[in-house]
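Take a look at the letters that make up each chain.
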Amino acid sequence: MAKEQRTHERQRKENKSRDLFSRAQTDEPLQDGIIVGRFGQEADVQDDDGHIFRCHLRKHLKSIAVGDEVEWYPDATGSAVVVNVKPRRSQLERPNPYEGLKIIAANIDHILIIVAPLPAFSETLLDRYLVAAELTDISVSIVVNKTDLLSAQTKAELQERLSCYVDLGYPLFWVSRKSGEGMQALREHMSDGCSVLVGQSGVGKSSLLNALVPEAQSDVGEVSESSDLGQHTTSASRLYRLPNGGSIIDSPGVREFGLWHLSAQDIAKGFVDIRRISERCKFRNCMHDREPQCAVRDAAESGELPASRWQSFKAILASLNTV
Ligand SMILES: Nc1nc2c(ncn2[C@@H]2O[C@H](COP(=O)(O)OP(=O)(O)OP(=O)(O)O)[C@@H](O)[C@H]2O)c(=O)[nH]1
Ligand SMILES: [Zn+2]
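Computed from a predicted model, the values in this text were never measured in an experiment.

Enquirer: Give me the lowdown on the UniProt feature "binding site: Zn(2+)" (unreviewed entry) in the chain, citing residues and values where you can.
Expert: UniProt tags C281, C286, H288 and C294 as "binding site: Zn(2+)" (unreviewed entry). Locating C281 in the fold gives a position in the loop between α9 (272–277) and α10 (295–302). Overall, the relative accessible area of 8% leaves C281 in the buried class. Each residue touching C281, except ones within four places of it in the same chain, is listed here: C286, H288, Q293, C294, A295 and V296. Within the element layout of this structure, H288 appears in the loop between α9 and α10. Taking relative accessible area as the criterion, H288 reaches 6% and is therefore assigned buried.

Enquirer: Describe the domain arrangement of the chain, with residues and values.
Expert: Segmentation of the chain into domains returns domain 1 (29–87), domain 2 (104–217 + 236–256) and domain 3 (264–321). Between domain 1 and domain 2, the residue contacts involve 15 residues of the former and ten residues of the latter. Between domain 1 and domain 2, roughly 890 Å² of surface is buried when both sides are summed, and carbon and sulfur atoms account for 46% of that area. Considering only the side of domain 1, the residues that lose the most area to domain 2 are V36, V66 and G67, jointly responsible for 45% of the buried surface there. If you look at where domain 1 meets domain 2, you find one salt bridge.

Enquirer: I'd like a description of helix α5 (residues 205–212), backed by residues and values.
Expert: The α-helix advances 3.6 residues per turn, and as a result positions three or four apart in sequence lie on the same side. Among all positions of α5, only K205, L208, L209, A211 and L212 are buried. Buried positions in α5, seen along its axis, are confined to an arc of 165° and lie on one side of it.

Enquirer: So what about the site of ligand 1? Which residues, and what values?
Expert: Taken together, 16 residues are adjacent to ligand 1, and D148, S201, K205, S206 and S207 come closest. Here a nitrogen atom of ligand 1 sits 3.3 Å away from a polar atom, N or O, in the side chain of N145. For ligand 1, an oxygen atom lies 2.8 Å from a polar atom in the side chain of S206. Relative to its free-state accessible area of 650 Å², ligand 1 is covered by the protein chains to the extent of 69%. Among the elements that make up the shell around ligand 1, the one with the highest residue count is α5 (three residues). Here the shell around ligand 1 is built from residues that sort into two nonpolar, eight polar and six charged.

The rules behind each value
Residues numbered from 1 in each chain as written. Chains lettered and ligands numbered in written order. Predicted model: local features only at pLDDT ≥ 70, side-chain atom pairs only at ≥ 80, totals over all residues. Heavy atoms only, no water. UniProt positions renumbered as here; feature names shortened; annotations may be inferred. Helix = DSSP H or I, 4+ residues; strand = E, 2+ residues; numbered from the N terminus. Buried < 20%, exposed > 50% of the residue type's maximum accessible area, 1.4 Å probe, protein only. Contact = heavy atoms within 4.5 Å. Domains from an automatic or database assignment. Buried area = accessible area lost by both parts, 1.4 Å probe. Salt bridge = Lys/Arg side-chain N within 4 Å of Asp/Glu carboxyl O. Arc of directions from axis to C-beta. Near = heavy atom within 4 Å. Polar contact = N/O pair within 3.5 Å; in protein donor to acceptor, adjacent residues only side chain to side chain. Areas by Shrake-Rupley, 256 points an atom, 1.4 Å probe, with all protein chains shown as cover. Nonpolar A, V, L, I, M, F, W, Y, C, P; charged D, E, K, R; others polar.

Below, the structure is given as structure tokens:
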């Protein structure tokens, strides 16, 4: 009986994919789509109508990533092939000294750095994420999650600690996955492009993803249901459509964002205030250490550069020598 059911289910899925195949065949030979999942040499491509096709990737398309806009066609055997990747408007890449850059996600419009009162908020960690985000050309915002854990006093303290980021122009959102506070404003912010949620383990990225994309959770359920049909629906990397517009990409690579190695030059570049002030340093390649006439050191002394930013800068640079 169970076997019959499985056969029936397989038949139903085959019929469905044949329907989609013949529908696709009558369309233009090359179709537009977006990569919503990656599985080794295969990818899931979503067409403009929201249908998802499991596609093979042409060999030359090795560095294809979730978020890539592609052209694909169904081939004569009933499977589909991605043949072309359109130019990217942005990409998240992980520096890899041995294999060159690894593309983690493509066409990202918003990087949202999630922080929370628990695990304890740290300026140095936030600055590390900001540095990595500033090295991309993607707009970046800060999201304080778990506001339900804040009292009026602890909220005021955190607001004070975050005020220098507001002064630097970073949009700041206060949200709670639990109470729902601020979620609507966050949804609106994310509704016009593709976002990634980054941040320390435990700040609530998965919880936020599940709140923003109801089917993200059911996707997890689907895996075990269909596993005995020999299908692999799990993906290391996934793009989800948001119900009110926009999309979100989640992947292990995205979750490691900001924690990989950065050079001293990257760090000096990623602190936007330090970069701006350093134009007044005597030496163009000043690392703001012991060089004479260093405008950044002077700015830290005068208070023009907030003490916490200066301390973070030094702490992040010092950490380079210990890893
Ligand atoms: N009080 C409160 N707890 C929350 C909120 N959002 C998430 N949490 C809790 O925070 C813990 C960590 O949440 P996750 O969503 O797993 O965090 P994460 O950032 O995805 O963690 P990693 O998967 O390790 O990267 C869980 O116990 C959640 O229940 C919130 O808005 N308020
Ligand atoms: Zn300097």
